[in-house]
Protein chains: 2
Amino acid sequence: MSRTPLHPTREQIELPTVLDCLSDPIRLAIVYQLARQERVSSELCCSDFYALSGKSNLAYHFAKLRECGLMQTRVAGTNRFMRLRREDLDARFPGLLDAVLKSAARDAERLELIDTCDVVEAD
Amino acid sequence: MSRTPLHPTREQIELPTVLDCLSDPIRLAIVYQLARQERVSSELCCSDFYALSGKSNLAYHFAKLRECGLMQTRVAGTNRFMRLRREDLDARFPGLLDAVLKSAARDAERLELIDTCDVVEAD
DNA sequence: CCTTATGTTCAACGTTTATTGAACTATCGA
DNA sequence: TCGATAGTTCAATAAACGTTGAACATAAGG
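Residues numbered from 1 in each chain as written. Chains lettered and ligands numbered in written order. Predicted model: local features only at pLDDT ≥ 70, side-chain atom pairs only at ≥ 80, totals over all residues. Heavy atoms only, no water.

*Asks:* In this structure, what is going on with the packing of helix α2 (residues 25-37) of chain A against helix α3 (residues 55-67) of chain A? I would like to understand it.
*Replies:* When two helices pack together, their arrangement is captured by the angle between the axes and the distance separating the axes. Residue and element names in this part refer to chain A. One way to put it is that α2 packs onto α3 with a least axis distance of 10 Å and a crossing angle of 70 degrees. Considering the angle they form, α2 stands roughly perpendicular to α3. Between α2 and α3, the contacting residues are I26, R27, I30 and V31 on the first element and N57, L58, Y60, H61, F62, K64 and L65 on the second. Classifying every residue of the contact of α2 with α3 by side-chain character gives 7 nonpolar, 2 polar and 2 charged. (Axes fitted to C-alpha atoms, helices over the stretch in contact; angles between N-to-C directions. Helix = DSSP H or I, 4+ residues; strand = E, 2+ residues; numbered from the N terminus. Parallel < 35°, antiparallel > 145°, perpendicular 65-115°, else oblique. Contact = heavy atoms within 4.5 Å. Nonpolar A, V, L, I, M, F, W, Y, C, P; charged D, E, K, R; others polar.)

*Asks:* Can you help me understand the relation of the copies chain A and chain B in this one?
*Replies:* What relates the pair of chain copies is a rotation about an axis plus a shift along that axis. When chain A is brought onto chain B, the operation consists of a screw motion whose angular component is 180 degrees and whose axial shift is 0.0 Å, with 0.0 Å RMSD remaining. Taken together, the rotation angle and the small translation identify this as a two-fold axis. Counting the interface residues of chain A, we find that 100% of their copies in chain B are interface residues as well, pointing to one common contact surface. (Least-squares fit on C-alpha atoms with pLDDT ≥ 70 in both.)

*Asks:* Even after reading the chapter, I still don't get the interface of chain A and chain B, so can you show me in this structure?
*Replies:* Tallying the contact residues gives 25 residues for chain A and 25 residues for chain B. Across the contact surface, chain A and chain B share 6 salt bridges. E14(A) is the partner of R110(B) in a salt bridge, and the nearest nitrogen-oxygen pair spans 3.4 Å. Mapped onto the side of chain A that touches chain B, the elements with two or more residues apiece are α1 (15-22), α4 (86-92) and α5 (96-106) of chain A. With 6 residues, α5(A) is the largest single contributor of residues to the side of chain A that touches chain B. Taken together, the residues that form the side of chain A that touches chain B break down as 14 nonpolar, 4 polar and 7 charged. (Salt bridge = Lys/Arg side-chain N within 4 Å of Asp/Glu carboxyl O.)

*Asks:* How do you make sense of the confidence of the model for chain A when you look at a structure like this?
*Replies:* As a note on interpretation, predicted positions should not be read in detail where pLDDT is low. Mean pLDDT over chain A stands at 89; residues scoring 70 or higher make up 89%. Scored below 50 in pLDDT, residues 116-123 of chain A shows 9 contacts in the model against residues more than four places distant or in partner chains. (pLDDT = per-residue confidence, 0-100.)

*Asks:* I would appreciate a short explanation of the environment of N57(B) in the present structure.
*Replies:* Residue and element names in this part refer to chain B. Inspection of the secondary structure assignment puts N57 in helix α3 (residues 55-67). Since its relative accessible area comes to 27%, N57 is described here as partly exposed. Taking C-alpha positions, N57 is 9.7 Å from I26, a pair spaced 31 residues apart along the chain. (Buried < 20%, exposed > 50% of the residue type's maximum accessible area, 1.4 Å probe, protein only.)

*Asks:* Could you clarify how one ought to interpret helix α5 (residues 96-106) of chain B in this entry?
*Replies:* Along an α-helix, residues three or four apart share an orientation, since each turn contains 3.6 residues. By the burial criterion, the buried members of α5(B) are L96(B), L97(B), A99(B), V100(B), L101(B), S103(B) and A104(B). Residues of α5(B) that are buried in the fold lie against α1 and α5 of chain A together with α1 (15-22), α2 (25-37), β3 (79-84) and α4 (86-92) of chain B.

*Asks:* Looking at this structure, how should I read the pattern of salt bridges?
*Replies:* Any two side chains of opposite charge can pair if their charged atoms end up close together. This model, assessed by the stated rule, comprises 20 salt bridges over all chains. When the shortest N-O distance is used, the salt bridge between R110(A) and E11(B) registers 3.0 Å. Placement of R110(A) in the segment after α5 and of E11(B) in the segment before α1 is noted, with the two residues assigned to different chains. Among the residues examined, R110(A) registers a relative accessible area of 37% and is labelled partly exposed.

*Asks:* Would you mind going over the sheet that holds strand β1 (residues 44-45) of chain B with me for this structure?
*Replies:* By definition, the strands of a sheet pair up through backbone hydrogen bonds, in either a parallel or an antiparallel sense. All names here are of chain B. Spatially, the 3 strands line up as an open sheet ordered β1-β3-β2, and their pairing is antiparallel. Across the chains shown, the open sheet's two edge strands, defined by having one partner strand only, are β1 and β2 (71-76). As paired elements, β1 and β3 share 2 bridges and run antiparallel to each other. When the sheet's bridge partners are listed, C45 is paired in β3 with F81. Against the sheet, α2 contacts β1, β2 and β3, and its axis sits at roughly 85 degrees relative to β3. (Pairing = 2+ DSSP bridges.)

*Asks:* Would you take a moment to explain the pairing of β3(B) for this structure?
*Replies:* Residue and element names in this part refer to chain B. Of the two faces of β3, the one lined by R80, M82 and L84 is fully buried and the one lined by N79, F81 and R83 carries no buried residue. Sheet topology note: the β2/β3 ladder contains 6 bridges and is antiparallel. Counted as the bridge partner of R74 is F81 from β3. Hairpin connection between β2 and β3: a loop of 2 residues separates the two successive antiparallel strands, and G77 in this loop has a positive phi of roughly 65 degrees.

Now the structure itself:
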């Protein structure tokens, strides 16, 4: 629990790995919530995702999301703050993340995605 | 070998399944080649993909691609002609397929993607 | 210092996955 | 009718995956 987790560099981010990461419903929900939160605080911590699964299972999915370059973790006290690596992803695969998020938003009910923030806005 | 394979309806196409299908390098290469071929004949058959893997492994991946709704198979004699279900995918997840294909094209060498047709065009 | 809160790590498990070769089915052409 | 061709299906295998609970590590608060 001590070390700052390793993240791939922008150039090391791979398309198949990213798609595989996004193909898991829990990880897609995590990314979706992180994206929604971007406009507010841009960061969320583990306990913000308890609705999705248990702590240890979340830690497993966080690790996958970090390893593939989708998100970044910042350690602060006993908390880990996560945020999307949007700049890197947009630079590496322009339009991909937005297309996935938009598709996910369309299927929000089907995918059982929950809005973390209650703010509703037009698209 | 007799029946025309089953495909999901447009509405049955699911985002996680599609992403999972595209996350496999061989299937991504198949989809990429189908997309490149779209401008020419729009259809390819199994033997056009022998460079990617063996017949039986290809049949396995074709089945996955059909089941998730990414491609469609038409039986004609001893051949099966495959094409992308672009209209359905674009209707269901606008921009997604193009974003993936564009990202794949950028990483063509890294992903060892081969141009089926020798036609080179600007983007 | 002791306790609580946060999150990770580990071992175990059952499931799904990709890959292989052999057997099979069906169609086409000679 | 007899190959040859095209592709599927099946069984077997090894690896990777997602989930669980228990144990652990770290930092904050009293």
